[in-house]
Amino acid sequence: MESLPITIRSDEKGYFDRECPNGDCLYTFKVLMKDWEEKVSDDEVHCPLCGHVDTADKWWTQQQLEQLNPIITGFAENYIQESLDKVFGDFAQSTRHNKFIRVTYKPGRRVSFSNNPIGQREEWETEICCEKCGTHYSVIGSAYFCPCCGFNSAVNSFNDSLDSIEKMLESLREMKAMLTDKYNADSAETMCRSMLESSLGDMVSAFQKFASCKYDELSGKTSRVNDFQIVDKGSKLFEKETGKKYSDWLSAGELAFMELMFQRRHILEHNNGMVDQQYLNKSGDTSYSLGQRIIVKEADAHSLLAILRKLGSSIMKLQVGGDSDGN
Ligand SMILES: [Zn+2]
Ligand SMILES: [Zn+2]
C-alpha cells in the first residue's frame, strides 16, 4: 500500500492530541503539530506523565482511532477502484493530480481529523516549551517529561503545577455554578470546598518537590521527603548550603503566613481539618479553638500561591557558596 489520502490537521492553537499507550496510564496530552513532525523522533516518544517510551505510531487517542477507521476503509475502497481502472486501461482519468498516489502514508503521521479538547477542562491546560529541546506541548495539571527528549525539569514542573492550581482557583466560581446546575447547591458547595482545600496540599507538595530537587542539586546530598514541608527546616537547609534563608526574600508577614498555611495543610491532610492541641501549639493560630474545623478561603490560597512563586523564583537563582544576588 503506497499511499493514504490523509493530512494531519491540528487544533486552533496548532496542537495535536496524543495518548500514552501504557495501559496503566493512558494520559492524554497535546504536542505542537510542527514539533511532532519536525522534532519528535519516529523511534522514541516519551509520556509527559509516566515517562513511558514508545515508537511514534503508538500514540493515537481512542477518539482518533475511531475517526481513523472510516478513513482507512474509504481509502481501501478507492484503492481497489484505482487498481481496477489501471487493469482496464482507463487512462482517461488522469492520475497526474491524483492525491491518492501522491501522498505517502506513514503510520502515525499523516492523518486528518479534528482534534478535540481534552475532557471538559480545556481552561486548565498548561502550555510548556521544553527548555532542553524546545518542543512545545500542552498538558492538564503537572507533567514531568518532555514528549520529545524526556527531559524532566524541576523548575518547569513547579511553575506548571502552580499555574494549573491558579487556573483551578480562578474557575472555582464558574465550576460551582455548573455543579449547582448539574447536582444541587449542597453537593456543589462540598465539591468546590474540597477542591479549594486540596489546593493547599497541591501547593505544598509542588513546592516540596521543587525545593528538594534544587537542594539536592546544590548540596550534592539527598533531602528527606518531608524536609521542605516544614518551613523552618527547609529554610535552614538552604541557609547551610548557600548562606541564604527564606527571610532574605520574604517579609516577616509573608513568612508567618506561609508557616500558618503549611500547618493548616498538615491538619487538613492528617486530621481532616479538625483543630487539635498539637496544631494550636505549633502554629500559634489564635483564630481557632480546639475541636473547630479549618476553613480555607480563596484569598488565602491565592496569597500562598503568590508567596510560593516569590520564594520559588529566588530559590531558582541560588548557587552553591551563596553568590546569587538573592532578588
Ligand atoms: Zn503515560
Ligand atoms: Zn525536550
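All of these numbers come straight from a predicted model, not from anything done at the bench.

S.K.: Where do I start with the overall build of the chain in this structure?
M.R.: Of regular secondary structure, the chain possesses 10 helices and six strands. When burial is assessed residue by residue, the chain has 43% of its 327 residues classed as buried. Within the chain, contacts between residues at least 6 apart in sequence are counted, and of these 59% link residues at least 24 apart. Accessible surface, the chain: about 17200 Å² in total, of which carbon and sulfur atoms supply 51%.

S.K.: I would appreciate a short explanation of the sheet that holds strand β6 (residues 136-140) in the present structure.
M.R.: Pairing between the strands of a sheet comes from backbone hydrogen bonds, and it takes one of two forms, parallel or antiparallel. Spatially, the four strands line up as an open sheet ordered β1-β2-β6-β5, and their pairing is antiparallel. Edge strands, defined here as strands with exactly one partner in the open sheet, are β1 (15-19) and β5 (125-129). Geometrically, the sheet is characterised by an average inter-axis angle of 30° between neighbouring strands, direction not taken into account. With five bridges joining them, β5 and β6 adopt antiparallel strand pairing. Note on β6: the bridge partner recorded for cysteine 129 is histidine 136.

S.K.: Which parts of the structure should I look at to understand helix α8 (residues 252-270)?
M.R.: Residues three or four positions apart in an α-helix share a direction because the helix packs 3.6 residues into each turn. Here α8 spans 27 Å end to end across 19 residues, near enough to the 27 Å set by a 1.5 Å rise per residue. Along α8, the residues that are buried comprise Leu255, Phe257, Met258, Met261, Phe262, Arg264, Arg265, Ile267 and Leu268. Of the surrounding secondary structure, the elements contacted by the buried residues of α8 are α6 (185-219), α7 (231-242), α9 (277-283) and α10 (298-316).

S.K.: Looking at this structure, I do not really get the coordination of the zinc ion (ligand 2). What am I missing?
M.R.: The zinc ion (ligand 2) binds to the protein through Cys130 (SG), Cys133 (SG), Cys146 (SG) and Cys149 (SG); the donor distances cover 2.3 Å. For the zinc ion (ligand 2), the four donor atoms in the first shell make angles of 104 to 114° at the metal, so the coordination geometry reads as tetrahedral. Look at cysteine 130 and you get buried, because its relative accessible area is 4%.

S.K.: Help me understand unusual backbone geometry, please; the structure alone is not making it clear to me.
M.R.: The general pattern is negative phi for most residues beyond glycine and trans for most peptide bonds. We note that leucine 26 has phi near 50°; this positive angle belongs to a residue other than glycine. Position of leucine 26 relative to the elements: it lies in the loop between β1 and β2 (28-32).

S.K.: In this structure, what is going on with the coordination of the zinc ion (ligand 1)? I would like to understand it.
M.R.: Under ideal tetrahedral coordination, the four donors around a metal are separated by 109.5 degrees; under ideal octahedral coordination, the six donors are separated by 90 or 180 degrees. Within the protein, the atoms that donate to the zinc ion (ligand 1) are Cys20 (SG), Cys25 (SG), Cys47 (SG) and Cys50 (SG), at distances of 2.3 Å. Bound by four donor atoms, the zinc ion (ligand 1) shows angles of 104 to 114° at the metal and therefore tetrahedral coordination geometry. Ordering the donors of the zinc ion (ligand 1) by residue number gives the pattern C-x4-C-x21-C-x2-C. Of this pair, cysteine 25 sits in the loop between β1 and β2 while cysteine 50 sits in the loop between β3 (45-46) and β4 (53-54); the two residues are 25 residues apart in sequence, bridging distant segments of the chain.

S.K.: What should I look at first to understand the pattern of salt bridges in this one?
M.R.: Opposite charge on two side chains allows them to pair when their charged atoms are near. Under the defined criterion, the tally for this structure stands at 20 salt bridges. Lysine 34 is the partner of glutamate 38 in a salt bridge, and the nearest nitrogen-oxygen pair spans 3.2 Å. Remark: lysine 34 and glutamate 38 occur in helix α1 (residues 33-38); sequence separation between them is four residues, near one turn of the helix. Close ionic contact of lysine 214 with glutamate 217 constitutes a salt bridge, the shortest N to O distance being 3.6 Å. Taken together, the positions of lysine 214 and glutamate 217, both in helix α6 and three residues apart, correspond to about one turn of that helix. Overall, the relative accessible area of 58% leaves glutamate 217 in the exposed class. Three or more residues are tied together by salt bridges with common partners; here these are Asp54, Asp57 and Lys58.

About the criteria used
Residues numbered from 1 in each chain as written. Chains lettered and ligands numbered in written order. Predicted model: local features only at pLDDT ≥ 70, side-chain atom pairs only at ≥ 80, totals over all residues. Heavy atoms only, no water. Helix = DSSP H or I, 4+ residues; strand = E, 2+ residues; numbered from the N terminus. Buried < 20%, exposed > 50% of the residue type's maximum accessible area, 1.4 Å probe, protein only. Contact = heavy atoms within 4.5 Å. Areas by Shrake-Rupley, 256 points an atom, 1.4 Å probe, with all protein chains shown as cover. Pairing = 2+ DSSP bridges. Axes fitted to C-alpha atoms, helices over the stretch in contact; angles between N-to-C directions. Expected span 1.5 Å × (residues − 1). Donors = N, O, S within 2.8 Å, 3.2 Å for Na, K, Ca; no water. Tetrahedral: all angles 85-135°; square planar, octahedral: opposite > 155°, others 65-115°. Salt bridge = Lys/Arg side-chain N within 4 Å of Asp/Glu carboxyl O.

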